[in-house]
Amino acid sequence: MTQRTDQQKLSRRGFLEFSTAVAAAAVLPSVAAAEAPAGAAADDYYAKLGVPTVINAAGTYTYLTAAVMPPSVQRAVAAAAHHPVRLKELHKAAGEYIAKRLKCEGALVTSGASAALTLATAASIASKGNIKPEEIPQAALERGYEVIVQKSHRYEYDHAMILCGVKVREVVTVDDYRKAFSDRTVMTNYFNDAAPENNPPTQIDRETWLRIAHEHNVPCHLDAAADMPPIENLWKYTGMGFDFVCFSGGKGIRGPQNAGLLLGKKKLIDLAAENDSPNSEAVGRGMKVAKEQIAGMVAAVDWILSQDDATMQREFLDRTHVIQAALKNVPTLKSEIFMPKIANHVPHLFLRYDPKVVGITPLQVADKLRAQNPPIELNPATGNSGRFHTADENTIVLATWMLQPGEAEVVAAALRKLLTQPNVS
Ligand SMILES: *Cc1c(COP(=O)(O)O)cnc(C)c1O
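Residues numbered from 1 in each chain as written. Predicted model: local features only at pLDDT ≥ 70, side-chain atom pairs only at ≥ 80, totals over all residues. Heavy atoms only, no water.

Trainee: Can you tell me about the sheet that holds strand β6 (residues 220–223), naming the residues and giving the values?
Mentor: Spatially, the 7 strands line up as an open sheet ordered β2-β8-β7-β6-β5-β3-β4, and their pairing is mixed. Each edge of the open sheet is held by one strand with a lone partner, namely β2 (106–110) and β4 (167–171). The average undirected angle you get between the axes of adjacent strands in this sheet is 25°. Both strand β7 (residues 244–248) and strand β8 (residues 260–264) contribute to a ladder of 5 bridges, which runs antiparallel. Pairing of Val 245 across the sheet is with Leu 263, part of β8. Along the sheet face, helix α10 (residues 206–215) touches β3 (146–150), β4, β5 (185–191) and β6 and points at about 175° away from the line of β5. (Pairing = 2+ DSSP bridges. Helix = DSSP H or I, 4+ residues; strand = E, 2+ residues; numbered from the N terminus. Axes fitted to C-alpha atoms, helices over the stretch in contact; angles between N-to-C directions. Contact = heavy atoms within 4.5 Å.)

If you want it as structure tokens, here you go:
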């Protein structure tokens, strides 16, 4: 420790002497000296590029850059940018730190939940057939490896598994599921937020799904990408025995958007890391997480563990009430606060009204808000039936959890204006 500090002092002095000499000679202007110090106010590249910042009344949607990082996470990202490190050492230390804090055996910071699912699949392939990273996806294709999934859990992220060379094998009943296991089965995947009303409905619950996979010695991945809050979910599912659980780093945990967590059994997480960047010739090579995002993800875990669910939910609800109160006198309008049970488990405001009476449809409201300055983005279920709970073409949907201080009032005033004077611009 002392020795290191001395070395740092020495090298720092050496650097100062060198730069002083350069400055005194005044021959070559140093590039570093010409720039503002790293702590100075940054150039606003959104303004430079003409990209407007938006008021996010939608939620943690990828197309809206999901969450804004809290100040402590922003600072961790900025501080990590100052120095190089050995990327594998950082990955290992970050994983160990996160595993300890989230009460699981192993953890890997990934470039998102989708990458976590790919790396879980690659680890399962490696574990099944002693397959090396450079043999994926070819070996999985040749051997006809499969991942078992309930038909109602098929989703857009299946792609994240398929790119490892596996086929997705669909099952519906428990009986189908038991019969689907073979010597080609490498993993099963459970979509934590699969809607019970899906067609066909989810017939196999989490516990049963996991138990049967383990009876066949097959690892089980749970996709819980958007399923925090509550905070305890960060250890609940690994605690149940899931071999892998993924979370998106940039959603409720409010880490960097291009970060995520793969949590689970140590041996399997180590295999996932072997299939990840910075290893070349690995399926995860293109899923690189930079040092800044690794540090930011660790800081986000620290941040979320310093929060409590009741206080966060109270804040989201208070903001929701600000908007609800401003719209009390809009004719025919009925508001409802809806809490999704699993994913995005935060208050959503449903504003249902008769567009013929009010003079503007929910989709028109969304368009006008999107076009104003600053633009306001409502939840994409606005004016859409079947997308979200009971919302339909006569419903505005919004969520307040991603609003910044003061923005609930701005959204409330803008909605009030459009819904009471739709023709005044
Ligand atoms: C958002 C999401 C993902 C992808 O998460 P990223 O962190 O953006 O990769 C995967 N699965 C589900 C269910 C999600 O909601």
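Trainee: Before we move on, could you go through the nonpolar core and cite the residues and values that matter?
Mentor: If you look at the biggest cluster of nonpolar residues, it comprises 51 residues, and the most contacted ones within it are Ile 98, Tyr 177, Phe 247, Ile 253 and Leu 261. The leading source of residues in this core is helix α13 (residues 291–305), at 8 residues. Composition of this core by domain shows at least three residues from each of domain 1 (84–305) and domain 2 (309–420). Apart from residues no more than four positions distant in its own chain, Tyr 177 is found in contact with Ile 148, Val 171, Thr 188, Ile 204, Thr 208, Trp 209, Ile 212 and Ala 213. Counting 34 residues, the second largest nonpolar core, distinct from the first, contains Ile 125, Tyr 145, Cys 164 and Cys 246. (Core = buried A, V, L, I, M, F, W, Y, C linked by side-chain atoms within 4.5 Å. Buried < 20%, exposed > 50% of the residue type's maximum accessible area, 1.4 Å probe, protein only. Domains from an automatic or database assignment.)

Trainee: Outline the site of the ligand, listing residues and values.
Mentor: Taken together, the residues surrounding the ligand are Gly 112, Ala 113, Ser 114, Tyr 157, Phe 191, Asp 223, Ala 225, Ala 226, Ser 248 and Lys 251. Within the backbone of Ser 114, an N or O atom sits 2.9 Å from an oxygen atom of the ligand. Measuring from an oxygen atom of the ligand, one finds a side-chain N or O atom of Ser 248 at 2.5 Å. Considering the ligand on its own, with 390 Å² of exposed area, one finds that the protein chains cover 83% of that surface. The residue makeup of the shell around the ligand, split by class, is 5 nonpolar, 3 polar and 2 charged. (Near = heavy atom within 4 Å. Polar contact = N/O pair within 3.5 Å; in protein donor to acceptor, adjacent residues only side chain to side chain. Areas by Shrake-Rupley, 256 points an atom, 1.4 Å probe, with all protein chains shown as cover. Nonpolar A, V, L, I, M, F, W, Y, C, P; charged D, E, K, R; others polar.)

Trainee: An account of a nonpolar patch on the surface is needed here, citing residue identities and associated values.
Mentor: Residues Tyr 45, Tyr 46, Leu 49 and Val 51 make up a contiguous nonpolar surface patch of roughly 470 Å² in combined accessible area. If you trace the backbone, Tyr 45 turns up in helix α3 (residues 45–49). (Patch = residues over 30% accessible without salt bridge, like charges linked within 9 Å, V, L, I, M, F, W, Y side chains within 5 Å. Salt bridge = Lys/Arg side-chain N within 4 Å of Asp/Glu carboxyl O.)

Trainee: Which residues make up a negative patch on the surface, and what values do they have?
Mentor: Where like charges cluster on the molecular surface, the negative patch consists of Glu 134, Glu 135, Glu 142 and Glu 281. For Glu 281, the position within the fold is in the loop between α12 (266–274) and α13. Among the residues examined, Glu 281 registers a relative accessible area of 59% and is labelled exposed. (Lys, Arg positive; Asp, Glu negative; His and termini not counted. Charge placed at Lys NZ, Arg CZ, Asp CG, Glu CD.)

Trainee: How would you explain the sheet that holds strand β10 (residues 348–352) if you had to name every residue and give the values?
Mentor: Spatial strand order, β9-β10-β12: 3 strands in an open sheet with antiparallel pairing. Two strands lie at the open edges of the sheet, namely β9 (334–338) and β12 (395–399), each paired on one side alone. Averaged over all adjacent pairs, the angle separating strand axes in this sheet is 20°, with direction ignored. With 5 bridges joining them, β10 and β12 adopt antiparallel strand pairing. Each residue of the ladder has a partner; that of Leu 349, found in β12, is Leu 398. Lying over the sheet, helix α14 (residues 309–326) contacts β9, β10 and β12, oriented at roughly 170° with respect to β9.

Trainee: Help me get a handle on the pattern of salt bridges, residues and values and all.
Mentor: Opposite charge on two side chains allows them to pair when their charged atoms are near. The final tally for this structure, using the stated rule, is 19 salt bridges. In this structure, the salt-bridge partner of Arg 154 is Glu 170, at a minimum N-O distance of 2.7 Å. Note that Arg 154 is positioned in the loop between β3 and α8 (158–162) and Glu 170 in strand β4, a separation of 16 residues in sequence. You can call Glu 170 partly exposed: its relative accessible area is 38%. Lys 266 is the salt-bridge partner of Asp 270, the closest N and O atoms lying 2.8 Å from each other. Highlighted residues: Asp 270 and Lys 266, both in helix α12, separated by 4 residues, approximately one helical turn. One network of salt bridges, in which partners are shared, links Glu 146, Arg 169 and Arg 184.

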